[in-house]
Amino acid sequence: PPNTDAAVPAPLLLFAHGNAELADYWAISFHEPRQWGMGVLLVEYPGYGRSGGSPSRTSIGAAFAAAFEWASTQPGIDPRRIIGYGRSLGGGAIGDLSRGRGGLAALILESCFTRTTAFAWRVGAPPFLVRDRFDNLAALDHYGGPVLVLHGAQDEVIPVAHGRQLAARAGVPLQLLPCGHNDCPRPWGEIRGFLTEHLLLPQGS
């Protein structure tokens, strides 16, 4: 929940992490947006960490759809200000969610691929990523809300060319980060500026 006393329902960051990560790793990293008055929902993939089942595009999609539906009904959350935030693999989960749920107020894509077919085969990705074809370019074609695209300038896993293509498809400038793929500091300055621009932060934050 937010670290501030909110008189009105708070906006929410719905976060999807990268492949070699767990939701448990990320809790402390979101202290800053909670200080702004935002809630944060960390969704675990089926078969990862303490989550049962096995990962696939279908099972991941079901998990994120359930998370969105749950968040939308919580009295402390403003359902009109749920922002999807995907990092790396998480961009595919958030992209699919944006296609199935028109209620996402904005998309944040950090270090994401264009399509799994464009990169997964050469980096030893898990079999489900090769089999199940996430397509973030197609997701952006269907999404009409605000989009922020961030990418490490020295990304060695998902080349920065993917970020450039995603930003071009969304019609927004690419926000380059001075890092690779797994060593990027949280880009809270860029994210806060984006959310402020689109009136998605709590008033007075």
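Structure first, text after, so check above.
Report follows, based on the coordinates. (Residues numbered from 1 in each chain as written. Predicted model: local features only at pLDDT ≥ 70, side-chain atom pairs only at ≥ 80, totals over all residues. Heavy atoms only, no water.)

### Thoughts on the overall build of the protein chain
Across its full length, the protein chain holds seven helices and six strands. Reading the protein chain from its N terminus to its C terminus gives the helix and strand order β-α-β-α-β-α-β-α-α-β-α-β-α. Here the C-alpha atoms of the protein chain give a radius of gyration of 16 Å, agreeing with the 17 Å that 2.2 N^0.38 yields for 205 residues. Overall, the protein chain is about 50 × 35 × 30 Å in size when its C-alpha atoms are taken along their principal axes. (Helix = DSSP H or I, 4+ residues; strand = E, 2+ residues; numbered from the N terminus. Rg over C-alpha atoms; globule rule 2.2 N^0.38 Å.)

### Observations concerning the state of the cysteines
Considering all chains together, one arrives at one disulfide under this definition. A sulfur-sulfur distance of 1.9 Å marks the disulfide that ties Cys179 to Cys184. Between Cys179 and Cys184 the sulfur-sulfur dihedral comes to about 85°; the bridge is accordingly right-handed. Given the relative accessible area of 11%, Cys184 is considered buried. (Disulfide = S-S within 2.5 Å. Buried < 20%, exposed > 50% of the residue type's maximum accessible area, 1.4 Å probe, protein only.)

### Focus: the packing of aromatic side chains
Any pair of aromatic rings gets described here by the distance separating the centres and the angle formed by the planes. Counting across every chain of the model gives 10 aromatic pairs. Connected via pairs of aromatic rings, a cluster forms that spans Phe15, Trp26, Phe30, Trp36, Tyr85 and Trp188. (Phe/Tyr/Trp six-rings, centres within 6.5 Å; stacked < 30°, edge-to-face > 60°.)

### Side note on the packing of helix 2 (residues 57–72) against helix 3 (residues 89–100)
Put simply, helix 2 and helix 3 touch, their axes get as near as 9 Å, and they point 65° apart. Of the two possible hands of crossing, helix 2 and helix 3 adopt the one that is right-handed. Contacts from Arg57, Ile60, Phe64, Ala65 and Phe68 in helix 2 reach Ala93, Ile94, Asp96, Leu97 and Arg99 in helix 3. Partitioned by chemical class, the residues of the contact of helix 2 with helix 3 number seven nonpolar, no polar and three charged. (Axes fitted to C-alpha atoms, helices over the stretch in contact; angles between N-to-C directions. Left-handed = near helix turned anticlockwise from the far one by under 90°. Contact = heavy atoms within 4.5 Å. Nonpolar A, V, L, I, M, F, W, Y, C, P; charged D, E, K, R; others polar.)

### Here we look at the pairing of strand 3 (residues 77–87)
By the criterion of burial, strand 3 is predominantly enclosed, with nine of the 11 residues buried. Note: strand 1 (residues 10–16) against strand 3, six bridges, orientation parallel. Within strand 3, the position partnered with Ala16 by the bridge is Gly86. Of the pairings in the sheet, the one linking strand 3 to strand 4 (residues 104–110) comprises six bridges and is parallel in character. Paired with Tyr85 across the strands is Ile108, a residue of strand 4. (Pairing = 2+ DSSP bridges.)

### What about helix 7 (residues 188–197)?
Buried within helix 7 are the following residues: Trp188, Ile191, Phe194 and Leu195. Summarising the axial view, the buried residues of helix 7 lie within an arc of 130°, below the 170-degree limit, and thus occupy one face. Turned more than 90 degrees away from the buried face of helix 7, the exposed residues are Gly189 and Glu197. Where helix 7 is buried, its residues touch strand 1, helix 1 (31–35), strand 3, strand 4 and strand 5 (147–152). Once helix 7 ends, the next one or two residues include Leu199, with phi positive near 60°. (Arc of directions from axis to C-beta.)

### Quick notes on the sheet that holds strand 1
In sheet architecture, strand pairing relies on hydrogen bonds along the backbone and comes in two forms, parallel and antiparallel. As summarised here, the arrangement of the six strands in space is 2-1-3-4-5-6, forming an open sheet in which the pairing is parallel. The outermost strands of the open sheet, each flanked by one partner alone, are strand 2 (39–42) and strand 6 (175–177). In this sheet, neighbouring strand axes are inclined to one another by 20° on average, regardless of whether the strands run parallel or antiparallel. The sheet strands contacting helix 2 are strand 1, strand 2, strand 3 and strand 4, and the helix crosses strand 1 at an angle near 170°. Seen against the sheet, helix 7 touches strand 1, strand 3, strand 4, strand 5 and strand 6 and runs at an angle of roughly 170° to strand 5.

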